[in-house]
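Spelled out from the first residue to the last, the chains are:
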Amino acid sequence: MRLRMATLGATIAALLLVPTSDLVAQPAPAAAVPPSMPASFSEFALPYAPYLFDFAVYAGRNLARITYRSRRYDPVTKALVVTGLSVERDGFSAAVGQIRVAADGVAYEDVAVDTRGLPLDPAVREALQRLDSETVTGDLIMAAASDVAAADYDVNLVLRAEKIGTFDVTADLAGFHILAPLEDLAEGGSEMPTVIGQLRSGRIGFTDAGLAAVLYDMAGERQGLTGEQARGAVAMMAGIGVASVVAGLSDGAGPELQRRGQEWSATAQAFLAKPDRLDVTFAPVEPFDLSRLTDGEIGEAEILALNPSAVAGIAPRVPLRDPATLVGEDAPPDTVLDAAEALLEGRGVPQDVARAVALALPLAGDGNRHAMGILARGLAADPGVAIPQDELAGAYLALLIARADGLTVDDAGLVALRGRLSPEETVAAEDEAVQRWRAMPVGQEQKRVEVAAFAERDWATVRRFAYAYYEGVTMPRNLLRAYGWASIAAAGGDPLAGRLRDDLSRAVGSGLVALPLDRAREATDDLWRLLVTEANGGAAAPAGPLEGKPATGVPASPAPPAASVPDAPARLPTE
């Protein structure tokens, strides 16, 4: 039995390791390009947002006087655009010059809120009067890049108030949810919702634009001091206050937290002594469980886990760089990728997606995860970005591995690359991607499971691998394997596998995918004959091609020992 299994394994390898040069070139089908689907529900709903906005305005006019100049959906920026919005009620008025609402963020520009009709604290009102800002003007911008499936959010919020200052907040959240209490939903209670998720990193910043000087003058007048004298007194008291908060934690403060408290105290004093920019950064070594902030009092363990730091200084400016000297020929990988990031984002230099992709591509081909991410983002930004023809296959291979490894890879980039490759190049790249994936620990484990599935005639698992090869999410996409594995599992009696097999056949016929069905069917039939021969204990396999039809009456036999089973077919034939 072991000898027959070894022979079977060698024969499988010989059948399936067909070089690309042995295949007849097939022109890519004049494919009907599937209609572009919205990336999210927000993108789907936004074209109808002007009508929803009208409905909200009609409802809101029962509460306030609401007018606006125009509203429309912009198909280029995929955003609802509202101009000249005005809201008035009982002495209160607010206006927004322009509102832009897109799937990935909102922007309220040229906001003006008249505070004279609001019940403000006297000190706040006095400060606004001294700032000549009783009508507060500014902008509110929020951007959020999200992975809806994983509930991951990268949030950036900026609130700018003229003559006062700018607050900006960033947070990288994983698995973020706000759960309403079930008891309250049923009984109408008032219990606070539960926040769950993890904080990967975060930052809170404030840039002073005149507020600090006014507050010093107000404090000085109350104490009989000049503004400068008040500045020093306030800075000293703030430093003492920060240190006392750390020392007064309910569970105490150990040496490490005390040391950090002294640093934060010094930072607060430095900022208040010369107000400009203050940044508080959270950089947990491990993602921080947000439920720890709502379960009770915050103690030393929570503070240290958040790993906060504070820096006072001058508000940073983006350094302007010369694209010609951005990176040298022998620059280390980190420098190359920093330059590629700057070019891709257009930060400090004019955006140049093609050059960013060119810089990242060699490192992406070597398996650099950061480079793969830049490559994926570059193709998402410009699916038709210029890439030399001899490097297209390498780019496609890198993106296949990147998606399987969990990086976000836009479908448009993969489709664009496949459209610029010949069928032979596409299948060769997909085959090479699988081989590289199999060299990784996760790929080795998947290979072990796949081998066992073939050995045990576990057609449900073989079918799941077929779908995995087709989808290219948990392993690199490989349409030849997807068809072959689906056809074999269907022949073994799995009806869902037959559906994938038939769907792929129809997709080839309609031009949605380029797949050499004749070659795939031939190799599948040869492999099936070997499996049947082994199942029959070495008897001759039935003659004639199966052509993807489910086999009937296949004799069942006990699964051979796993140790004697050959590797699952390492490769389907390349195109």
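In this text, all values refer to a predicted model and were calculated from it rather than measured experimentally.

## Quick word on the overall build of the chain
- Assigned secondary structure in the chain consists of 20 helices and 12 strands.
- Put simply, the chain has 575 residues, and 39% of those count as buried.
- As presented, the chain carries roughly 30300 Å² of accessible surface, and 59% of it is formed by carbon and sulfur atoms.

## Points about the nonpolar core
- Core analysis: the biggest nonpolar cluster contains 78 residues, and Leu-375, Ile-387, Leu-399 and Leu-417 have the highest contact counts within it.
- Beyond its immediate chain neighbours, meaning those up to four positions away, Leu-399 contacts Met-372, Leu-375, Ala-376, Leu-379, Val-409, Leu-414 and Leu-417.
- Membership of the second largest hydrophobic core comes to 12 residues, among which are Ala-49, Ala-64, Ile-66 and Leu-80.

## Here we look at the environment of Arg-457
- Tracing the backbone through its elements, the reader meets Arg-457 in the loop between helix H16 (441-455) and helix H17 (459-471).
- As a C-alpha pair, Arg-457 and Ile-488 span 31 residues in sequence and 10.0 Å in three-dimensional space.

## What about the packing of helix H12 (residues 369-381) against helix H13 (residues 389-404)?
- In contact at an axis separation of 10 Å, H12 and H13 are set at 110 degrees when each is read in the N-to-C sense. Judged on the interaxial angle alone, H13 and H12 are roughly perpendicular. In contact with Met-372, Leu-375, Ala-376 and Leu-379 of H12, H13 contributes Ala-395, Ala-398, Leu-399, Ile-401 and Ala-402.

## Structural notes on the environment of Glu-471
- Topologically, Glu-471 is positioned in helix H17.
- Considering only alpha carbons, one finds Glu-471 and Ala-482, 11 residues apart in sequence, at a separation of 8.8 Å.

## Points about the packing of aromatic side chains
- With the rule as written, the count across this model stands at 8 aromatic pairs.
- A network of ring pairs unites the aromatic residues Phe-167, Phe-206 and Phe-271 as a single cluster.

## Digging into the pairing of strand S10 (residues 277-282)
- Looking at chain direction, strand S9 (residues 194-208) and S10 are connected through 6 bridges and run antiparallel. Following the sheet pairing, Ile-204 is matched in S10 by Val-280.
- Taken together, the 6 bridges between S10 and strand S12 (residues 308-313) define a ladder with antiparallel strand orientation. Note that in S12 the partner of Asp-279 across the bridge is Val-311.

## Quick look at unusual backbone geometry
- Although it is not a glycine, Asp-110 sits at a positive phi angle of roughly 55 degrees.
- In this structure, Asp-110 sits in strand S5 (residues 105-114).
- Although it is not a glycine, Asp-132 sits at a positive phi angle of roughly 55 degrees.
- Within the secondary structure layout, Asp-132 lies in the loop between helix H4 (122-130) and strand S6 (135-147).

## A short note on the pattern of salt bridges
- One pass over the full model with this rule turns up 36 salt bridges.
- Between Asp-152 and Arg-200 there is a salt bridge whose closest N-O contact spans 3.3 Å. Of this pair, Asp-152 sits in strand S7 (residues 152-161) while Arg-200 sits in strand S9, and the two are 48 residues apart along the sequence.
- Classification of Asp-152 by relative accessible area gives buried; the value is 17%.
- If you follow the salt bridges from partner to partner, you end up with Asp-168, Arg-203, Arg-277 and Asp-279 in one network.

## What about the packing of H4 against helix H6 (residues 211-223)?
- Two elements in contact, H4 and H6, have axes whose closest approach is 10 Å; the angle formed by their N-to-C orientations is 120 degrees. One element, H4, and the other, H6, form an angle in the oblique class. Crossing handedness for the pair H4 and H6: right-handed. In this structure, H4 uses Ala-123, Glu-126, Ala-127 and Arg-130 to contact H6, whose residues at the interface are Val-214, Leu-215, Asp-217, Met-218, Glu-221 and Arg-222.
- Split by residue class, the contact of H4 with H6 holds 5 nonpolar, no polar and 5 charged.

## Notes on the side chain of Glu-302
- Along the polypeptide, Glu-302 turns up in helix H9 (residues 300-306).
- Not counting residues within four places of it along the chain, the set of residues in contact with Glu-302 comprises Phe-288, Arg-292 and Glu-297.

## Details of the side chain of Thr-267
- Relative to the helices and strands, Thr-267 resides in helix H8 (residues 255-273).
- Among residues more than four places away in sequence, those in contact with Thr-267 are Leu-278, Ala-310, Val-311 and Ala-312.

## Side note on the confidence of the model for the chain
- With 81% of its residues at a pLDDT of 70 or more, the chain has an overall mean of 81.
- Under a pLDDT of 50 for its full length, residues 1-34 has, in the predicted model, 58 contacts with residues more than four places off or in other chains.
- Confidence over residues 539-566 falls short of pLDDT 50; this stretch has 47 contacts with residues more than four positions distant or in other chains.

## Topic: a nonpolar patch on the surface
- Judged by side-chain polarity, Leu-140, Met-142, Leu-157, Leu-159, Phe-167, Val-169 and Ile-204 come together as a nonpolar surface patch covering roughly 540 Å² of accessible area.
- Mapped onto the nonpolar patch, the elements with two or more residues apiece are S6, S7 and strand S8 (165-179).

## Let's talk about the environment of Glu-430
- Among the secondary structure elements, Glu-430 is positioned in helix H15 (residues 423-438).
- For Glu-430, a relative accessible area of 2% translates into the label buried.
- Separated by 48 residues in sequence, Glu-430 and Asn-478 place their C-alpha atoms 5.3 Å apart.
- Filtering out sequence-adjacent residues up to four positions away, Glu-430 remains in contact with Tyr-396, Leu-400, Arg-477, Asn-478 and Leu-479.
- Separated by 2.8 Å, the side chains of Glu-430 and Tyr-396 make a polar contact.
- Among the polar contacts listed, one links the side chain of Glu-430 to the backbone nitrogen of Leu-479, at a separation of 3.1 Å.

## Examining helix H3 (residues 49-60)
- Taking 1.5 Å of rise per residue, 12 residues should cover 16 Å, and H3 covers 16 Å from first to last C-alpha, within 8% of that figure.
- Among the residues of H3, Ala-49, Pro-50, Phe-53, Asp-54, Val-57 and Gly-60 are the ones counted as buried. The buried residues of H3 all sit within an arc of 145 degrees when viewed along its axis, so they share a single face. Exposed side chains of H3 directed beyond 90 degrees from the buried face belong to Tyr-51, Leu-52, Phe-55 and Tyr-58.

Reading guide: rules and limits
Residues numbered from 1 in each chain as written. Predicted model: local features only at pLDDT ≥ 70, side-chain atom pairs only at ≥ 80, totals over all residues. Heavy atoms only, no water. Helix = DSSP H or I, 4+ residues; strand = E, 2+ residues; numbered from the N terminus. Buried < 20%, exposed > 50% of the residue type's maximum accessible area, 1.4 Å probe, protein only. Areas by Shrake-Rupley, 256 points an atom, 1.4 Å probe, with all protein chains shown as cover. Core = buried A, V, L, I, M, F, W, Y, C linked by side-chain atoms within 4.5 Å. Contact = heavy atoms within 4.5 Å. Axes fitted to C-alpha atoms, helices over the stretch in contact; angles between N-to-C directions. Parallel < 35°, antiparallel > 145°, perpendicular 65-115°, else oblique. Phe/Tyr/Trp six-rings, centres within 6.5 Å; stacked < 30°, edge-to-face > 60°. Pairing = 2+ DSSP bridges. Salt bridge = Lys/Arg side-chain N within 4 Å of Asp/Glu carboxyl O. Left-handed = near helix turned anticlockwise from the far one by under 90°. Nonpolar A, V, L, I, M, F, W, Y, C, P; charged D, E, K, R; others polar. pLDDT = per-residue confidence, 0-100. Patch = residues over 30% accessible without salt bridge, like charges linked within 9 Å, V, L, I, M, F, W, Y side chains within 5 Å. Polar contact = N/O pair within 3.5 Å; in protein donor to acceptor, adjacent residues only side chain to side chain. Expected span 1.5 Å × (residues − 1). Arc of directions from axis to C-beta.

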